[in-house]
Amino acid sequence: MRVACVQLDVRYGDFRGNADAILSAARDLAAQGTELAVFPECALTGYMAANAEEARALVPPADIVDALNRDLHALPMISVYGTLHTASDELQNIAVIIAPDLPAPMAYAKTHLPDLGADRFTTPGDALTVFALSRPATGQRFHLGVLICYDLRFPEAARTLALAGADILALPTNWPLGAEFSADSIAFVRAVENRVGLISANRVGTERGANFFGRSRIIAPDGRELACADDQPGTWTAEIDLGLARQKRIEIPASGYAIDIFLDRNPAAYRV
């Protein structure tokens, strides 16, 4: 499955400009035959709010959101992008999932919140969901799990999605300088320990004194790096083998070595 990570230099509060950047990259990728594109956390809004009032002011106008979602839905590609959103008067950091076979956008709300930017003023989500989608190119069904940034630090989150059948984890993120370990190490561990593909999409540039380093990645279910971005805006693509993601048993006949990362679990011995 051809997938992409997209790095954007997101502009704080520039909803229309950010929407145009998302849509432009999405159109280019769809024209290249990409089936799934992942954009950064809060790609539509910006992130570094200093207080609750500023954070709520970063919720984009409905007409801009509706137009972006409509235009993305018209493409033969699945898109995942980040934004701030209010539901029942609660502010949430969400990832929006747009797919040709979905009649309406779906969303995942970030469940783990760091002491940073707008997340200091949002309400955490309470559900880890696997989205059953159809590949735009073939119609084949696959399962997509979505996490946002700091969620990756918690192995329970990725494992929950993998146990629920996720083939690929999409990770919109805003990793600032100082979080390189997440991009360079933790992302690989989450992919290989769950035997899933992983697409991280970080942002670049500077926002209100915070510097974002990029280094988005596409990682295969066996932990191989398939694509790695630099520190500039752009798109990176690779092919993820969905069959590999569904082979949880690993065998090396020459040595008689065999493991099954799900069947070999021993939940009775685990303690919370």
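Structure: above.
Summary of the structure given here. Since the model is a prediction, treat every value here as computed from it, not as a measurement.

### A look at the side chain of Ser79
Relative to the assigned elements, Ser79 resides in strand S3 (residues 78-87). What Ser79 contacts, discounting residues up to four positions off in sequence, is Ala26, Ala37, Phe39, Leu72, Val96, Ile97 and Ile98.

### Describing the sheet that holds strand S2 (residues 36-38)
Pairing is mixed in the open sheet, where six strands are placed in the order S5-S4-S3-S2-S1-S14. Two strands close off the open sheet at either side, each with one partner strand: strand S5 (106-109) and strand S14 (234-239). With strand direction ignored, the average angle separating the axes of adjacent strands in the sheet is 30°. Where S2 meets S3, three bridges bridge the pair, whose relative direction is parallel. What sits directly across from Ala37, in S3, is Ser79. On the sheet, helix H3 (residues 62-73) packs against S3 and strand S4 (90-98) and is oriented at approximately 160° with respect to S3.

### Things to note about H3
The terminal C-alpha atoms of H3 lie 16 Å apart, and with 12 residues this matches the ideal 16 Å at 1.5 Å per residue to within 8%. Burial in H3 covers these residues: Ile64, Val65, Leu68, Asn69 and Leu72. With its buried residues spanning 125° around the axis, H3 presents them on a single face. Facing away from the buried side of H3, by more than 90 degrees, are the exposed residues Ala62 and Arg70.

### With respect to the packing of aromatic side chains
This structure, assessed with the given rule, holds one aromatic pair. When the centroid spacing of 5.1 Å and the interplanar angle of 85° are considered together, the rings of Tyr150 and Phe154 count as edge-to-face. Relative accessible area serves as the criterion here: at 31%, Tyr150 is assigned to the partly exposed category. A cation over a ring is seen here: Arg203 above Phe212, with NZ or CZ 4.2 Å from the ring centre. For the cation-ring pair, Arg208 lies above Tyr12, with the distance from its terminal atom to the ring centre recorded as 4.0 Å.

### A short note on the packing of helix H1 (residues 15-31) against H3
Two elements in contact, H1 and H3, have axes whose closest approach is 10 Å; the angle formed by their N-to-C orientations is 5°. One finds that H1 runs roughly parallel with respect to H3. The segment H1 lies against H3, with Phe15, Arg16, Ala19, Ile22, Leu23, Ala26 and Arg27 engaging Asp63, Ile64, Leu68, Asp71 and Leu72. Residue classes in the contact of H1 with H3 are distributed as eight nonpolar, no polar and four charged.

### Remarks on the environment of Asp151
Among the structural elements, Asp151 can be located in the loop between strand S7 (141-146) and helix H4 (155-163). It is 22 Å that separates the C-alpha atoms of Asp151 and Arg265, two residues lying 114 residues apart in sequence. Every residue in contact with Asp151, bar those within four places of it in the chain, is listed here: Tyr108, Lys110, Thr111, His112 and Ala157. Of note is the side chain of Asp151, whose polar atom sits 2.6 Å from the side chain of Tyr108.

### What to know about the packing of H4 against helix H5 (residues 180-194)
Close contact between H4 and H5 brings their axes to 10 Å; oriented N to C, the two are set at 35°. Considering the relative orientation of H4 and H5, their crossing is right-handed. Contact residues: H4 offers Pro155, Ala158, Arg159 and Ala162, while H5 offers Arg190, Glu193 and Asn194. Its residues placed into classes, the contact of H4 with H5 shows three nonpolar, one polar and three charged.

### Focus: H5
A rise of 1.5 Å per residue sets the reference length of H5, with its 15 residues, at 21 Å; its end C-alpha atoms lie 21 Å apart and thus fit the reference within 8%. The sharpest bend along H5 comes to roughly 35°, located at Ile186. Listing the buried residues of H5 in full gives Ser182, Ala183, Ile186, Ala187, Phe188, Arg190, Ala191 and Asn194. Turning to H5, the residues buried within the fold contact H4, strand S9 (197-201), strand S11 (210-213), strand S12 (217-219) and strand S13 (225-228). Immediately beyond the C-terminal end of H5, within one or two residues, lies Arg195, with a positive phi of roughly 55°.

What counts, and at which threshold
- Residues numbered from 1 in each chain as written.
- Predicted model: local features only at pLDDT ≥ 70, side-chain atom pairs only at ≥ 80, totals over all residues.
- Heavy atoms only, no water.
- Helix = DSSP H or I, 4+ residues; strand = E, 2+ residues; numbered from the N terminus.
- Contact = heavy atoms within 4.5 Å.
- Pairing = 2+ DSSP bridges.
- Axes fitted to C-alpha atoms, helices over the stretch in contact; angles between N-to-C directions.
- Expected span 1.5 Å × (residues − 1).
- Buried < 20%, exposed > 50% of the residue type's maximum accessible area, 1.4 Å probe, protein only.
- Arc of directions from axis to C-beta.
- Phe/Tyr/Trp six-rings, centres within 6.5 Å; stacked < 30°, edge-to-face > 60°.
- Lys NZ or Arg CZ within 6 Å of the ring centre and 35° of its normal.
- Parallel < 35°, antiparallel > 145°, perpendicular 65-115°, else oblique.
- Nonpolar A, V, L, I, M, F, W, Y, C, P; charged D, E, K, R; others polar.
- Polar contact = N/O pair within 3.5 Å; in protein donor to acceptor, adjacent residues only side chain to side chain.
- Left-handed = near helix turned anticlockwise from the far one by under 90°.
- Bend = angle between axes of the 7 residues up to and from the residue.

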